[in-house]
Amino acid sequence: MTPADFLPPALGPRRTFALVAGVERYEVSHHWNLRGPARDALRFARWLTGPAEVPAGNIRLLLSPLDAPDDLDWTDTPAMAALRTAHRPATEENVKAVLLDELPQCDGDLLWIFWAGHGYLGPRQELMLPCADASRGQIRHLNLDSALRWWRTDLVKPRRFPLQAALVDSCRVDAPRDARWNFGTTDYGGGSSVPGRRQFRLYASREGEAAQNDAERGAGRFTEALLGEIGHRSLRDGVNGLPGAALSIHRAFQELRERGEGWQLPQFVVDRDWDACSFLDDELPGPRLPRAARLDQRAWDGLGELFEGRELPRGAHEAYAWAFKVAGCTTPVRGGLPGDSLLEVVQDLDERQGGRGGMPLAVPFVRFLADRAAKAGDAAWAARLTDWVHATRERLGLPAVPMPPPPPRTTVVHVRLEAPPGGGPGHLARMWLHGERTEHIWESEEAPVRLDTVREELVRQLALIGATSGGGGEAGRRTYGAVDRIEFHVPYELLDADFDQWPVPHGPAGRARALGQLHQVVVRCPQERADSRAAWHTSWRWLCAQGGRHRDAVRVVADSEVTDALGLELADGPAPACVLAHTTAAPHTGLLEAVLEGGVPVAVWRRGGGVPAPALLDLLAPAGPDGRPDPGALDVLDLPARVWAVRRAAAKAAARAPGAAAGAASARQPPAGGDQLVLLWDDPDDVPGHRSLA
């Protein structure tokens, strides 16, 4: 019997969905036809809509019977009448539409797959279930093993269908080797595996065995035994008792075999139950490893109040990763957060149950959120989170939670430029220093100034900050650190300006270096995002929730893709959050307009246009297992540091090149390759000085 705590609390008929298929007639040959699978499928559907009380609208019924569908026993109930109207032929097109398109869009806890008909094993021992439209030239089929792998991935939303059961009344004999029976190769692919999904598979026979069918009664022996076990039960009892039913069915068929009355043996694949544990585990001696506590109802009630109306905060991904470290657990291989809300993240943590030390993963997660909320100035929420942690620890008898690590300290100079209200030459300018706090350090007031004046003032401010950070006394060291990044908030027409090439005094005898070699330099254009603010914020928050890495986070755009519709396309969802320009034209020729319209917060291009050599993906992304650059491994949140490293490497390469100019003059030369990169970096959570400089 499956422990009840492995079933979702909300599991019920309305959150249960099913594919039920019975195939009796095959186009390939009349010799393939058999009587019984359609009746078995209807009997299983009657249990779902009867004792299990699953709505007919949640069931996709595919039937290809030998007789006319109206001649089947539909049973006079409203639910079966609805299925009688809605059922479809069991063709490959319908099977794929149901299993890979329709059902994944449903919001449920449990998926049933019931299939009755022929079954064959392919060269890789994958179970292939022929469809009604199988023909000699192409045995169209469902590759069940591939489909079940697909259903374990994040192509099905992570919080959906944690329980999946496949019950198959078919043979599992080797597929015919004759060239006339062409099964081909079918693989549905998939995304990243989602932890916590549990699949229960019960087959009517073992590998190499045929499943027996009673043609006179029109029933498979396996389906008879299965419905004899669960056909009278409610949905929850049927699901909870499925492993026990499988054992009972297996024993019954074993007795038939020993008496010589049957030869097939039903098989639960790798004898796994809902807990993903072997049925044999109960027979193993020795103590079980202790499991961490789970949150009680009071803890969940408190979190419901704490998280109500709260979006995922900026540090949620760091909190998630830190919780595993504190509990002594291995961090999940799949990056990013497991849900779109704080409650979904905590539910994932609670299901994992923490490490052997007894600490539920949810407690350090909330502790981290409290620490970051306090540092962000939200003292009230931080206090409530801290109270929840203390109360939950005392009630559940948990050990102390260590202090979270301090957030990384980054010192940034913001330089904001605006065109004067009446037009004319020059720009209004203002500078802020952002470290532990944000401080206004310089302003051109109402007089427009040239960019040379802004550069001179920036150099002066950098010297002052450096003197303060390097001066004597604890107060000076505590006030400022070295400047890590310089962010230029500029009008649209200045996005391609060469700010990173501005010369800055560095070293003796008036030596100068390019600004982009000494500091991370990015450009920003938040004032152009008024019409795409919602998409901009959504994309950035999604990127932070993924920890900066996701296979869809980065998109490389080529010349052919820069159309008038590109901005609308980029705005379709939170991804991509970063665009890499692989274009020959200057970025102002459509690309940057699309980036801003689409709400994409990050973009990289080559100044002045022209495809960078090597390509940006080769330059910025680490290599994947195949040796090629992997966009999913590129940490977009680390791009300012990564682009800075590329600029420095390009400068060093240029200095080593034959005939390279020496001295200060070389700093004014824009080196080839990566040092011409421009990084658009629009963090919507960090935009000081919103009001107009005018």
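Not measured: the values here are computed from a predicted model. (Residues numbered from 1 in each chain as written. Predicted model: local features only at pLDDT ≥ 70, side-chain atom pairs only at ≥ 80, totals over all residues. Heavy atoms only, no water.)

A count of helical and extended segments in the protein chain gives 21 helices and 23 strands. Residue pairs at least 24 apart in sequence account for 74% of intrachain contacts in the protein chain once pairs closer than 6 positions are excluded. Accessible area of the protein chain: about 31200 Å², with a carbon and sulfur share of 51%. (Helix = DSSP H or I, 4+ residues; strand = E, 2+ residues; numbered from the N terminus. Contact = heavy atoms within 4.5 Å. Areas by Shrake-Rupley, 256 points an atom, 1.4 Å probe, with all protein chains shown as cover.)

Once that is clear, we can look at the sheet that holds strand β5 (residues 127–130). One open sheet holds the four strands; their spatial order is β6-β5-β4-β8, and the pairing between them is mixed. Only two strands of the sheet have a single neighbouring strand rather than two, namely β6 (141–143) and β8 (173–174). Of the strand pairs in this sheet, strand β4 (residues 120–121) and β5 are connected by two bridges, and their pairing is antiparallel. Paired with L121 across the strands is L127, a residue of β5. Across the sheet, helix α4 (residues 144–151) touches β5 and β6, and the angle it forms with β6 is around 50°. (Pairing = 2+ DSSP bridges. Axes fitted to C-alpha atoms, helices over the stretch in contact; angles between N-to-C directions.)

Take the confidence of the model for the protein chain next. For the protein chain, the average pLDDT comes to 82, and 83% of its residues sit at 70 or higher. Counting contacts from residues 276–289, a segment whose pLDDT is below 50, to residues more than four positions away or on other chains yields 14 contacts. (pLDDT = per-residue confidence, 0-100.)

Turning our eyes to something else, we now look at helix α8 (residues 297–307). Looking at α8, one finds that the buried residues are A299, G302, L303, L306 and F307. The buried residues of α8 all sit within an arc of 120° when viewed along its axis, so they share a single face. The exposed set on the far side of α8, more than 90 degrees from its buried face, consists of Q297, R298 and E305. On its buried face, α8 is in contact with α10 (342–352), α11 (362–375) and α12 (379–396). (Buried < 20%, exposed > 50% of the residue type's maximum accessible area, 1.4 Å probe, protein only. Arc of directions from axis to C-beta.)

Moving on, we come to the packing of α11 against α12. For the pair α11 and α12, interaxial distance at closest approach is 8 Å and the crossing angle is 155°. Considering the angle they form, α11 stands roughly antiparallel to α12. Helix-helix and strand crossings are classified by hand; for α11 and α12 the assignment is left-handed. In this structure, α11 uses A362, V363, V366, R367, L369, A370, A373 and A374 to contact α12, whose residues at the interface are W381, A382, L385, T386, W388, V389, T392 and R393. Its residues assigned to classes, the contact of α11 with α12 comprises twelve nonpolar, two polar and two charged. (Parallel < 35°, antiparallel > 145°, perpendicular 65-115°, else oblique. Left-handed = near helix turned anticlockwise from the far one by under 90°. Nonpolar A, V, L, I, M, F, W, Y, C, P; charged D, E, K, R; others polar.)

Now for the pattern of salt bridges. Counted according to the given criterion, the structure contains 32 salt bridges. Across the pair R524 and E487 runs a salt bridge, and its minimum N-O distance is 2.8 Å. Taken together, the residues R524 in strand β19 (residues 520–524) and E487 in strand β16 (residues 485–489) connect sequence positions 37 residues apart. Assigned by exposure class, R524 and E487 land together as buried. When salt bridges that share partners are traced, they join E311, R314, R541, D683 and D685 into one network. (Salt bridge = Lys/Arg side-chain N within 4 Å of Asp/Glu carboxyl O.)

What follows deals with the packing of α8 against α10. Relative orientation of the contacting elements α8 and α10 amounts to 150°, with a least axis distance of 10 Å. Put simply, α8 runs roughly antiparallel to α10. Contacts between α8 and α10 involve W300, L303, G304 and F307 on the former and, on the latter, L342, L343, V346, Q347 and D350. Looking at the contact of α8 with α10 residue by residue, the class counts come to six nonpolar, two polar and one charged.

The amide bond that connects A575 to the next residue, P576, takes the cis arrangement and shows omega of 0°. With respect to the secondary-structure elements, P576 resides in the loop between α17 (566–570) and β21 (578–582). The phi angle at E53 is positive, at roughly 60°, despite the residue not being glycine. As for its position among the elements, E53 is in the loop between α1 (37–49) and β2 (59–64). Even without a glycine there, the phi angle at F161 is positive, about 50°. Examined against the element boundaries, F161 turns out to sit in the loop between α4 and β7 (163–169).

Structurally, H427 can be placed in the loop between β13 (412–418) and β14 (428–434). Every residue in contact with H427, bar those within four places of it in the chain, is listed here: L417, E418, A419, P420, S444, A447, P448, V449, L451, P491 and L494.

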